[in-house]
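Overview (structure and organization)
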Amino acid sequence: MADAKPPTKSPGPFDVTTVRELVELMDKFDLGEVDLNDGDQRIRLRRGRMMVAAPAVVQAVAAPASLPAAPVGMTAAPPPAAPGKKLLEIKSELVGTFYAKPAPDKDDYVKVGSRVSTDTVVCKVEAMKIFNDITAKVTGTVAEVCVQNGQFVEFDQVLFRVDPS
Amino acid sequence: MADAKPPTKSPGPFDVTTVRELVELMDKFDLGEVDLNDGDQRIRLRRGRMMVAAPAVVQAVAAPASLPAAPVGMTAAPPPAAPGKKLLEIKSELVGTFYAKPAPDKDDYVKVGSRVSTDTVVCKVEAMKIFNDITAKVTGTVAEVCVQNGQFVEFDQVLFRVDPS
Amino acid sequence: MFQRVLIANRGEIALRVIRACRDLGVGVVCVYSTADRGAPWLRLADEAVCIGPGPAADSYLKYTRIIAAAEKTNVDALHPGYGFLSENAEFAEMCRECNIEFIGPPHDAMRKLGNKNEAKKLARLAKVPLVPGSEGLLATEDEALKIARQIGYPVLIKAAAGGGGRGMRVARNDHGLVTGFQSARQEAEAAFKDGSVFLEKYLEQPRHIEVQLLGDQHGNVIHLYERDCSLQRRHQKLVEESPAPNLPVRARDEMCKAAVRLAKQAGYYSAGTCEFLVDKQNNYYFIEVNSRIQVEHPVTELVTGVDLVREQIRIAAGEKLRYKQGDIVQRGSAMECRINAEDPGNNFQPSAGTITRWQPPGGPGVRLDTHACAGYRVPPNYDSLVAKLLVHQPSRPEAITAMRRALAEFVVEGIKTTVPIHQKIFSTAAFVEGQVDTTFIERVFYGQGASEPGK
Amino acid sequence: MFQRVLIANRGEIALRVIRACRDLGVGVVCVYSTADRGAPWLRLADEAVCIGPGPAADSYLKYTRIIAAAEKTNVDALHPGYGFLSENAEFAEMCRECNIEFIGPPHDAMRKLGNKNEAKKLARLAKVPLVPGSEGLLATEDEALKIARQIGYPVLIKAAAGGGGRGMRVARNDHGLVTGFQSARQEAEAAFKDGSVFLEKYLEQPRHIEVQLLGDQHGNVIHLYERDCSLQRRHQKLVEESPAPNLPVRARDEMCKAAVRLAKQAGYYSAGTCEFLVDKQNNYYFIEVNSRIQVEHPVTELVTGVDLVREQIRIAAGEKLRYKQGDIVQRGSAMECRINAEDPGNNFQPSAGTITRWQPPGGPGVRLDTHACAGYRVPPNYDSLVAKLLVHQPSRPEAITAMRRALAEFVVEGIKTTVPIHQKIFSTAAFVEGQVDTTFIERVFYGQGASEPGK
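Residues numbered from 1 in each chain as written. Chains lettered and ligands numbered in written order. Predicted model: local features only at pLDDT ≥ 70, side-chain atom pairs only at ≥ 80, totals over all residues. Heavy atoms only, no water.

This part is about the overall build of chain C. A count of helical and extended segments in chain C gives 14 helices and 22 strands. The C-alpha atoms of chain C give a radius of gyration of 22 Å, which matches the 23 Å a tight globule of 455 residues would have. Each principal axis of the C-alpha distribution contributes one length, and for chain C these read about 60 × 50 × 45 Å. Per-residue burial over chain C gives 65% buried out of 455 residues. Total accessible area on chain C is roughly 15400 Å²; 49% of this is exposed by carbon and sulfur atoms. (Helix = DSSP H or I, 4+ residues; strand = E, 2+ residues; numbered from the N terminus. Rg over C-alpha atoms; globule rule 2.2 N^0.38 Å. Buried < 20%, exposed > 50% of the residue type's maximum accessible area, 1.4 Å probe, protein only. Areas by Shrake-Rupley, 256 points an atom, 1.4 Å probe, with all protein chains shown as cover.)

Moving on to the overall build of chain A. For chain A, the count of helices and strands is 2 helices and 10 strands. Taken from the N to the C terminus, the helices and strands of chain A come in the order α-β-β-α-β-β-β-β-β-β-β-β. Here chain A holds 165 residues, and the buried ones make up 45% of them. Residue pairs in contact within chain A that sit at least 24 positions apart in sequence constitute 57% of those at least 6 positions apart. (Contact = heavy atoms within 4.5 Å.)

Residue and element names in this part refer to chain D. For the pair helix 2 (residues 63–72) and helix 3 (residues 89–97), the least separation of the axes is 11 Å and the interaxial angle reads 30 degrees. Regarding the angle of helix 2 to helix 3, the classification is roughly parallel. Crossing angle aside, the handedness with which helix 2 passes helix 3 is right-handed. Facing Tyr63, Ile66 and Ile67 of helix 2, the residues of helix 3 in contact are Glu90, Phe91, Met94 and Cys95. Looking at the contact of helix 2 with helix 3 residue by residue, the class counts come to 6 nonpolar, no polar and 1 charged. (Axes fitted to C-alpha atoms, helices over the stretch in contact; angles between N-to-C directions. Parallel < 35°, antiparallel > 145°, perpendicular 65-115°, else oblique. Left-handed = near helix turned anticlockwise from the far one by under 90°. Nonpolar A, V, L, I, M, F, W, Y, C, P; charged D, E, K, R; others polar.)

With that out of the way, let us pick up unusual backbone geometry. Here the amide bond leading from Tyr153(D) into Pro154(D) is cis, since omega sits at -5 degrees, within 30 degrees of zero. Omega for the peptide link from Ser242(D) to Pro243(D) comes to -5 degrees, which places this bond in the cis form. Within the fold, Pro243(D) resides in the loop between strand 11 (236–242) and helix 8 (249–265). With a phi close to 70 degrees, Lys129(A) is a non-glycine residue in the positive phi region. Residue class for Lys129(A) comes out exposed when judged on its relative accessible area of 63%. Positive phi, normally seen in glycine, also occurs at Asn99(D), with a value near 60 degrees. Residue placement: Asn99(D) occurs in the loop between helix 3 and strand 5 (101–102).

The next subject is the sheet that holds strand 2 (residues 27–33) of chain D. Residue and element names in this part refer to chain D. Strands sit in the order 3-2-1-4-5 across an open sheet of 5 strands; the sheet is parallel. The sheet terminates laterally at strand 3 (47–52) and strand 5, the two strands that pair on one side only. Where strand 4 (residues 77–79) lies against strand 5, 2 bridges are found, and the strand directions are parallel. Residue pairing for strand 5: Ala77 is matched across the bridge by Glu101. (Pairing = 2+ DSSP bridges.)

Here we take up the nonpolar core. Ranked by internal contacts, the top residues of the largest apolar core, which has 141 residues, are Leu6(D), Phe276(D), Phe286(D), Ile425(D), Phe426(D) and Phe431(D). With residues up to four places along the chain from it excluded, the contact list for Phe431(D) reads Leu231(D), Val239(D), Glu241(D), Met335(D), Arg396(D), Ile400(D), Ile425(D), Phe426(D), Val436(D) and Phe440(D). (Core = buried A, V, L, I, M, F, W, Y, C linked by side-chain atoms within 4.5 Å.)

Bringing the side chain of Glu342(D) into the picture now. Residues and elements named next belong to chain D. Its location among the elements puts Glu342 in strand 15 (residues 342–343). Of the side chains bearing the opposite charge, Arg233 lies closest to the buried Glu342, which forms no salt bridge; the N-O distance is 5.5 Å. There is a polar contact of 2.8 Å between the side chain of Glu342 and the side chain of Ser384. Leave out the neighbours within four places in its chain, and Glu342 touches Phe348, Gln349, Pro350, Ser351, Ser384, Lys416, Thr417 and Thr418. (Lys, Arg positive; Asp, Glu negative; His and termini not counted. Salt bridge = Lys/Arg side-chain N within 4 Å of Asp/Glu carboxyl O. Polar contact = N/O pair within 3.5 Å; in protein donor to acceptor, adjacent residues only side chain to side chain.)

Take the pattern of salt bridges next. Within this structure, the stated rule accounts for 95 salt bridges over all chains. The closest approach of N and O atoms between Arg367(D) and Asp369(D), which form a salt bridge, is 2.8 Å. Each member of the salt-bridge network shares a partner with another, and the members are Arg16(C), Asp23(C), Glu301(C), Asp307(C), Arg310(C), Arg367(C), Asp369(C), Glu398(D) and Arg405(D).

Next up on the list: the sheet that holds strand 21 (residues 385–393) of chain C. Residue and element names in this part refer to chain C. Strand order in the open sheet formed by 8 strands is 13-12-9-10-11-14-21-19, with antiparallel pairing between adjacent strands. Bordering the open sheet on either side are strand 13 (284–290) and strand 19 (366–370), each of which pairs with just one other strand. This sheet shows a mean twist of 25 degrees between the axes of neighbouring strands, independent of strand direction. Packed onto the sheet, helix 1 (residues 11–24) meets strand 19 and strand 21 and runs at close to 110 degrees relative to strand 19.

Attention now moves to the pairing of strand 9 (residues 207–215) of chain C. Residues and elements named next belong to chain C. Where burial is concerned, most of strand 9 is hidden: 9 out of the 9 residues are buried. Alternating positions in strand 9 separate into two faces, Arg207, Ile209, Val211, Leu213 and Gly215 on one and His208, Glu210, Gln212 and Leu214 on the other, with burial throughout. One ladder, built from 9 bridges, connects strand 9 with strand 12 (residues 270–278); its direction is antiparallel. Looking at the pairing, Gly215 lines up with Ser270 of strand 12. Pairing geometry for strand 9 and strand 10 (residues 221–233), over 6 bridges, is antiparallel. Bridging from a neighbouring strand, Leu214 pairs with Ile222 of strand 10. In textbook terms, the turn of a hairpin is the stretch between consecutive antiparallel strands, and for strand 9 and strand 10 this stretch comprises 5 residues, one of which, Gly219, has a positive phi near 90 degrees.

Another point: the packing of helix 4 (residues 107–114) of chain D against helix 5 (residues 116–125) of chain D. Residues and elements named next belong to chain D. Closest axis-to-axis distance for the helix 4/helix 5 pair is 5 Å, and the angle between their directions is 100 degrees. Relative to helix 5, the element helix 4 lies roughly perpendicular. Where helix 4 abuts helix 5, its residues Lys112, Leu113 and Gly114 lie against Lys116, Glu118, Ala119 and Leu122. Of the residues assigned to the contact of helix 4 with helix 5, the class counts are 3 nonpolar, 1 polar and 3 charged.

So, on to the environment of Ala271(D). Residue and element names in this part refer to chain D. If you trace the backbone, Ala271 turns up in strand 12 (residues 270–278). Separated by 20 residues in the primary sequence, Ala271 and Ser291 place their C-alpha atoms 7.2 Å from one another. When neighbours within four sequence positions are excluded, Ala271 is seen to be in contact with Gln212, Leu213, Leu214, Ser291, Arg292, Ile293 and Gln312.

Take helix 5 (residues 116–125) of chain C next. Regarding helix 5 of chain C, the residues found buried are Lys116(C), Asn117(C), Ala119(C), Lys120(C), Leu122(C) and Ala123(C). Following helix 5 of chain C by one or two positions, Lys127(C) adopts a phi angle in the positive range, close to 55 degrees.

Here the focus is the packing of aromatic side chains. Throughout the structure, instances matching the rule amount to 24 aromatic pairs over all chains. Each ring, one from Tyr60(C) and one from Tyr382(C), has its centre 5.4 Å from the other, and the planes form 80 degrees; the classification is edge-to-face. Here Tyr60(C) is found in the loop between strand 3 (47–52) and helix 2 (63–72), whereas its partner Tyr382(C) is found in the loop between strand 20 (377–378) and strand 21, with 322 residues between them in sequence. Taken as a pair, Tyr60(C) and Tyr382(C) share a single burial class, namely buried. Seen in terms of ring centroids, Trp358(D) and Phe410(D) are 5.1 Å apart; in terms of plane orientation they differ by 80 degrees. Their pairing is edge-to-face. One end of the pair, Trp358(D), is in strand 18 (residues 357–359); the other, Phe410(D), is in the loop between helix 11 (396–409) and strand 22 (411–413), and 52 residues separate them in sequence. (Phe/Tyr/Trp six-rings, centres within 6.5 Å; stacked < 30°, edge-to-face > 60°.)

To continue, consider the confidence of the model for chain A. All names here are of chain A. For chain A, the average pLDDT comes to 71, and 52% of its residues sit at 70 or higher. Long-range and interchain partners of residues 1–10, a stretch whose pLDDT sits below 50, account for 41 contacts in this model, where long-range means more than four residues apart. This model gives residues 48–82 a pLDDT under 50, and the stretch forms 86 contacts once residues within four places in sequence are excluded. (pLDDT = per-residue confidence, 0-100.)

Position of Glu254(C) among the secondary structure elements: in helix 8 (residues 249–265). By relative accessible area, Glu254(C) is classed as partly exposed at 32%.

Attention now goes to the environment of Glu12(D). Residues and elements named next belong to chain D. Relative to the helices and strands, Glu12 is located in helix 1 (residues 11–24). Taking C-alpha positions, Glu12 is 12 Å from Asp36, a pair spaced 24 residues apart along the chain. Not counting residues up to four positions away in its chain, the partners in contact with Glu12 are Tyr82, Asp369, Thr370, His371, Leu385 and Lys388.

Time to look at the confidence of the model for chain C. Mean pLDDT over chain C: 94, with 97% of residues reaching 70 or higher. Prediction confidence for the complex, expressed as pTM and ipTM, is 0.83 and 0.76 respectively.

So, about helix 4 (residues 107–114) of chain C. All names here are of chain C. His107, Ala109, Met110 and Leu113 are the residues of helix 4 that are buried. In an axial view of helix 4, the angular spread of the buried residues amounts to 155 degrees, which keeps them on one side of the axis. Buried residues in helix 4 make contact with helix 3 (89–97), strand 5 (101–102), helix 5 and strand 13. (Arc of directions from axis to C-beta.)

If you want it as structure tokens, here you go:
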């Protein structure tokens, strides 16, 4: 699985600690802008309103990119298919089996297009014979279902992407 | 000795320590902007207030940034005490003992201020009881005598610095 | 033999178990926390499962997530490493109930040995000498005073469930006893939810010597001789070696036999360690049994040529011991330095961060067990051990010289390590002469008296 | 013992000798070329002297500069390592004339053994079996034809001063002999300024097995058993192991005794190796003596527990051998993989450049001898060996599994290495079964016939 892949060489420009340290540096030395590129990779931090770009960076943290100097083994998971638009993620807090529906003969809790709010049950995750309801914890429209019914999910794995708009 | 120094580390393009070095340099040298490119890799740092970047300094900064290509332990050769002016070097082609004078009771072959030309004998280097005349191979005025009489010199060691002007 | 083993640990011991599995042709599943995401040892596993966030309580100590991962990845056994859940009898039993073999001792033996008082009962039955002290738990101060006067001061007040110096007090007179008795109870109550304490004779400047054991599920138990782990700082081992220097063969052989008797008495199998305190007259007293593989196990692997982790896995799979006692020979001298991400210049504060340069030693007689490498970020969440540097030489003096050589080659940048303190230790005459005890570091380096528990 | 030793070599063997000196408490001076300026092993020396530019002929082969450096830095001995000047009797003698002990054999023994014809004379006197062939040098074609018909085709035409396959030809009939005779003479004349050649029986798919020797200056010579170095590519060794697989004990013991006889006959001391070819019937034939420490010496160090480089230095200092033949025991199985900076995917082209990532294997039973590390630039000027990866295990099957494990852990980026070819070798049934000979690589991997000298 992704986490067992050979480590890539370096901290992505989106590696959270890299970004944090960069921002600390900007603050400490009163930098107006930091702009790092490597081929298609890029970190660009600028003082002022442009820092709104930060969330996009944070989102990409979930999928660290591969580059030359990162904590060894930083894995290159494929970045989420986020077409510019910023999506929220519903992640697994458990290790177990993902169930999209309350029972085999029932419909899925949610599908792409379903509206969800904080307390909406979006799926169950079974661990050691115990079925745990997973709630959305965000509000919006389901844009992507990232795992299949019966699939094994690990902690922190993205289950759904939700469009908050 | 210098060559036995621990190797310098090899930071990657997105290695925060590299950026920290750069930013500290910016701070130290009061730079407004640093913009480094290495193939498709680029590091660009700019101050809040725009300032003119000094190419010389950018170059200097670029050197440490390009360290991944430097062999471990590559020593930063101490720059000659040259106040801007470019000096020529007379180096030892042998391993042995440096003799500044033809005989104990004689004067040195050359002193600071002596004019030398290609064939001028500037010293002897003794190896295995054989005394070898060393010629200047350059033309100019001796600006610095880098070794002392009777000192052990290795291959490639700078013996004299010569001002060609 | 097992098809697939899940490793419920991290760092160097996770890597150590991976290596043993590879050598046995057994598949490997690792679990990891988000703080260890992308760590170097994970790429060597066949599968790796994220089980929780950085804090161990929510990941490496989380029974249900670990067992869920084990079930979902179809492993038939689980290796706990050391620390974390390695000595948790409840977890071991739960694994076995889920048909996942816990690679360790029987859980009932773990339970008994995990309780100091129970362990001592077993020791008495096995005729293993104990530090003179109270037969059992002490209910009242008066009882404590009576015993203390019987065995004579100084005495040590210890929590039944204690460990790592917590819930311990030294009393050198009646007054110290009364105050120590109360505070030890409170501390133990807070730390272990069990305030029961007992008394024992306090040994001045004792040596810590332990015996490595291997037992199978068919009643066979052998020892693999001793390790001297006296060189400690605040109960944290720094250097371990085998054979123990200046230990008479007779005392050593007696200790080894006693350890085997105790293991048999407890119905123990798997790898384990029987710890003793040894006084200046080479009298030895049982302290406790560590029912797990230990950090310093490679010291014994080097002198005996036995791969303890492989054997531990074989035993868990039901195999008979492949060695008889007579096959085990101590060859030469082996030593281990624990290289921790700590700053000896700053009171051994943990030094987490990214390793920017890593040039480990190598060559003749050197073994290095490490999960670290250039670019590895040491997370702040866990034990600070980043490498175990070992040497094996024909004699102790040669081992010391080789260790000096290896330490001098070790280049680490980006984090502070304990390499400098080891260099200091290996150039200290008293250590070179083998004059070591558990108070060595405080006495010799910091000019303090022995650090007494609770002081 | 010496006060200070100069190491007239570079790379892993320079580091190996530095380690031995440290273990003996002897000071170290290194010499280096401008191509090795700042190399990692130099920082471990007490002093390092630049002796010339990158090309070895102007630095590591430059007698006068090396000896001048030795004199100026007040060393009392010089270690030549392997290659470069290590088997140069003239240089050895020059060192000794300058009162710098050459850490190696007597120069007259080096001279005799360095000449194949002289060496064979010694072998005959010592009753060491030789490959059937011409008694001496061959002046004419007719003479060659006569001998060739006597011993029977195929025959090998070899230059007296040859080595590494140069000046060698295989002839399978009279025609091949006539043409081969001429071309071998010319090639030898060009390569060694010595066109004299001789004939011998050509062995099909022989094994290359060598015996490690140690002799002191007091007439004591012992062997440290054998190494099988059959696994070669174009006469370049790839894998070495001890004990040799599938070699009857009787044949092994005979070879070892023969090697000792030859060393005594030659008045040899220091470390040395006696090379044999072994045919399918386990008949062994003397080839040559390597009068130096060899690349693969650690294989023997692992199985015997003897530090060969330390002993070599002790011997040069005049000490008596500290081991009797009876003390030497072969324990377990040891194997070495030569990790070269070469591209197996591109006909083993040298792959010089900067190592951007270096994650070497470690752990139980693994020894790594390397001067490389992350950031090190492999210069194009020299031998491409960057690491020697060794394993030591109780048995050959375990050694093979451990080597697979270690190779799988080895991560190198920035240069190409021979790790992949080793992974291929260690997963090839014929190798695992110990069915190896000097034609293995070409036959099994490249489907070629044995690569014949001159073909």
